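Listed below, chain by chain, are the residues.
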Amino acid sequence: MTFHCPRMDESAQTNMVIKSSSIVEDYEVRWRKSLGTGVSGPVRLCIKRNTGEKYALKCLLDSKKARTEVTLHQRCCPHPNIVQIYDVYCNSVQFPREAVARSRLLVVMELMNGGELFDQIIRERHFTEKKAAAITKQIVSAVFHCHSLNIAHRDLKPENLLLKEKSEDLQNVTIKLADFGFAKEDVGLVTPQFTPYYVAPQVLEAQKQQRLERSGLKTPPGTPYTYDKSCDMWSVGVIIYIMLCGYPPFFPETPSKQMTPNMKRKIMAGEYRFPKNEWSVVSDMAKDVIQRLLEVDPVKRMTVQQLIHHTWLLGEEAPELALLSPAIMQDKDALHEVMHAHAQQLTVMRTPDTTFQLKPLTSAENPILKKRLKAR
Ligand SMILES: Nc1ncnc2c1ncn2[C@@H]1O[C@H](COP(=O)(O)OP(=O)(O)OP(=O)(O)O)[C@@H](O)[C@H]1O
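Remember, predicted model here, so these are calculated numbers, not experimental data.

**Student:** Got a minute to help me understand the site of the ligand in this structure?
**Tutor:** Lining the immediate environment of the ligand, one finds 20 residues, of which V39, S40, K58, E110 and D179 sit closest. One of the side-chain N or O atoms of N160 is found 3.3 Å from an oxygen atom in the ligand. Notes on the ligand: free accessible area 620 Å², of which the protein chains cover 90%. For the shell around the ligand, the secondary-structure elements that each account for two or more residues are β4 (27–38), β6 (54–61) and β8 (102–110). The greatest single-element share of the shell around the ligand, amounting to 4 residues, is contributed by β4. Residues that form the shell around the ligand fall into these classes: 9 nonpolar, 5 polar and 6 charged. Both domains that furnish three or more residues to the shell around the ligand are identified here as domain 1 (9–109) and domain 2 (117–374).

**Student:** Please explain the packing of helix α4 (residues 129–148) against helix α6 (residues 227–245) as it appears in this structure.
**Tutor:** Describing two packed helices takes the angle between their axes plus the distance from one axis to the other. Closest axis-to-axis distance for the α4/α6 pair is 10 Å, and the angle between their directions is 165°. With respect to their mutual orientation, α4 and α6 come out roughly antiparallel. Crossing hand, α4 versus α6: right-handed. Mapping the contact onto sequence places E129, A132, I135, T136, I139, V140, V143 and H147 in α4 and K229, D232, M233, V236, I239, I240, M243 and L244 in α6.

**Student:** Is there a simple way to think about the packing of α6 against helix α9 (residues 284–293) in this case?
**Tutor:** Viewed as axis vectors pointing N to C, α6 and α9 meet at an angle of 145°, and their least axial separation amounts to 8 Å. Taken as a pair, α6 and α9 cross one another with a handedness that is left-handed. Along the contact surface, α6 presents M233, W234, V236, G237, I240, Y241 and L244, while α9 presents A286, V289, I290 and L293.

**Student:** How should the packing of aromatic side chains be read in this particular structure?
**Tutor:** Taken as a whole and assessed by the stated rule, the structure comprises 12 aromatic pairs. For the pair W234 and F250, a centre-to-centre distance of 6.2 Å together with 10° between the ring planes defines the contact as stacked. Placement of the pair is W234 in helix α6 and F250 in the loop between α6 and α7 (261–269), with a sequence separation of 16 residues. Comparing W234 with F250, the two get one shared label, buried. Here the aromatic rings of Y241 and Y272 are separated by 6.2 Å at their centres, their planes lie at 90°, and the arrangement is edge-to-face. Linking Y241 in helix α6 with Y272 in the loop between α7 and α8 (276–279), this pair joins segments that are 31 residues apart in sequence. For the residue pair Y241 and Y272, the accessibility class agrees, reading buried in each case. The structure contains a cluster of three or more aromatic residues connected by ring pairs, namely W234, Y241, Y247, F250, Y272, F274 and W279. The positively charged end of K65 is found above the aromatic ring belonging to F182, 5.2 Å away from the centroid. Of note, K287 hangs over the ring of F274, and the distance from its end group to the ring centre comes to 6.0 Å.

**Student:** Could you clarify how one ought to interpret the pairing of β6 in this entry?
**Tutor:** Strand residues, when the strand is regular, have side chains that alternate between the two faces of the sheet. Counting buried residues in β6 gives 6 out of 8 residues, a clear majority hidden from the surface. With 5 bridges connecting them, strand β5 (residues 41–48) and β6 associate as antiparallel partners. Across the sheet, the residue bridging to C46 is Y55, located in β6. A loop of 5 residues connects β5 with β6, the two strands running antiparallel in sequence, and G52 in this loop sits at a positive phi of about 75°. Bridging between β6 and β8 involves 7 bridges; their strand directions are antiparallel.

Cut-offs applied
Position numbers for residues count from 1 along each chain, tracking the sequence in the order it is written. This being a predicted model, a pLDDT of at least 70 is required before a residue's local features are given, and a value of 80 or more before pairs of side-chain atoms are given or counted; all residues contribute to the totals for chains, interfaces and linings. Values shown for side chains rest on all heavy atoms present in the structure; no hydrogens or waters enter the calculation. A molecule or strand has a residue near it when one of that residue's heavy atoms lies within 4 Å. A 3.5 Å cut-off defines polar contacts: any pair of N or O atoms within that distance qualifies, except that in protein one atom must be a possible hydrogen donor and the other a possible acceptor, and neighbouring residues in sequence count only when both atoms are side-chain atoms. Method for areas: the Shrake-Rupley scheme with a 1.4 Å probe, in which residue coverage is limited to the protein chains shown. Each helix corresponds to a stretch of at least 4 residues labelled H or I by DSSP, and each strand to a stretch of at least 2 residues labelled E; elements are numbered beginning at the N terminus. Side-chain classes follow a simple rule in which Ala, Val, Leu, Ile, Met, Phe, Trp, Tyr, Cys and Pro form the nonpolar group, Asp, Glu, Lys and Arg form the charged group, and the remainder, Gly included, forms the polar group. Where each domain begins and ends follows an automated or database-derived domain assignment. Here the axes come from fitting lines to C-alpha atoms, over the contacting stretch only for helices, and the angles between their N-to-C directions go from 0 to 180 degrees. An angle below 35 degrees is read as roughly parallel, one above 145 as roughly antiparallel, one from 65 to 115 as roughly perpendicular, and any other as oblique. Handedness of a crossing is defined here by the sense of rotation of the near helix relative to the far one, left-handed for an anticlockwise turn of less than a right angle and right-handed for a clockwise turn. Note on contacts: a residue pair is in contact if any heavy atoms of the two residues lie within 4.5 Å. In this scheme Phe, Tyr and Trp rings, the latter by its six-membered ring, pair at centre separations within 6.5 Å, and the angle between planes marks the pair as stacked below 30 degrees, edge-to-face above 60, and tilted otherwise. When a residue's accessible area, from a 1.4 Å probe over protein chains only, is under 20% of the maximum for its type it is buried; when over 50% it is exposed; and in between it is partly exposed. In this analysis the charged atom, NZ for Lys or CZ for Arg, is taken to sit over a ring once it is within 6 Å of the ring centre and within 35 degrees of the ring normal. Here, a strand pair is defined by DSSP locating no fewer than two bridges between the strands.

Below, the structure is given as structure tokens:
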């Protein structure tokens, strides 16, 4: 590994403090010890020299996208259900198979020793709806925090829900949200962003909003619940569904690595079922939560503020009967496919429809709207 320490770098654009000193002065990096791998490469183990404490190190090629990831992640810290960032370095690093050193952001994070959420669910001997509700509560707490800061995570998937430590019982474990690689700050769009999935209703709604604003008849809501945030809520719905039965709500007839047209159609139509075999032991309240989260129209979809107050999250009325999900999730290949499908669906949902863009509130030309914005 070769290191150079470039300029002191405090990005004016992001207000993010990045150390330009060499990370190896402060941490011993175990370059060969991978804690897990994502598209940006392995996350490694590192040890703080003056305390001996262990941390996780994510290495990102320095770019605007990487800086946005780190900035938005940092902004959401600290929170008990969000992986904490402790240090960020910008060092020039050359990995063994690289011809030249490249500028990288080295993100020192809290070490999550318990692995991924679904791996722990598989190990549970008596996994119940009550436990699923308790897990959901932690996930929702993280999402609530992000959304309150006007940040949408947009990559809420099982692989990004990590456990603080290994435990016999999921009820006692802290779950934290990781990977802000797709996080996005809402810039105050008048109406939700939309994707090709939902073009028709959203286009109509957006056009209606624009007409009303142009005529000065309507002031856009102060903190609109944007498309990006509703995408997180859809993910929470899918994650709850899988926890309760072991398979996803939307799946293709035959296993496929690609998003099939039939799958797209099912998601767009909100076409999923609660098959009796696994769902007869699940409460109506849980089904109600899922139905409101998998609502096709993002505008009508339950918000995190609504979910956090839902009685199901208290877990008091959730049955303590053992669910079939851990047994179903034992099939590693099937589970891998489930996670792959979810990741794919998120990719599709994140794709903005560039054919129709609404102006941010701040660039509004309408004089009445301008006046009202000033008055806020
Ligand atoms: N703080 C952490 N402690 C322990 N392991 C971690 C930590 N952060 C990430 N990991 C492991 O590394 C994997 C990849 O991390 P992360 O999702 O942040 O990387 P990525 O390159 O952005 O991945 P993706 O392909 O999901 O976008 C995780 O799935 C997890 O197994």
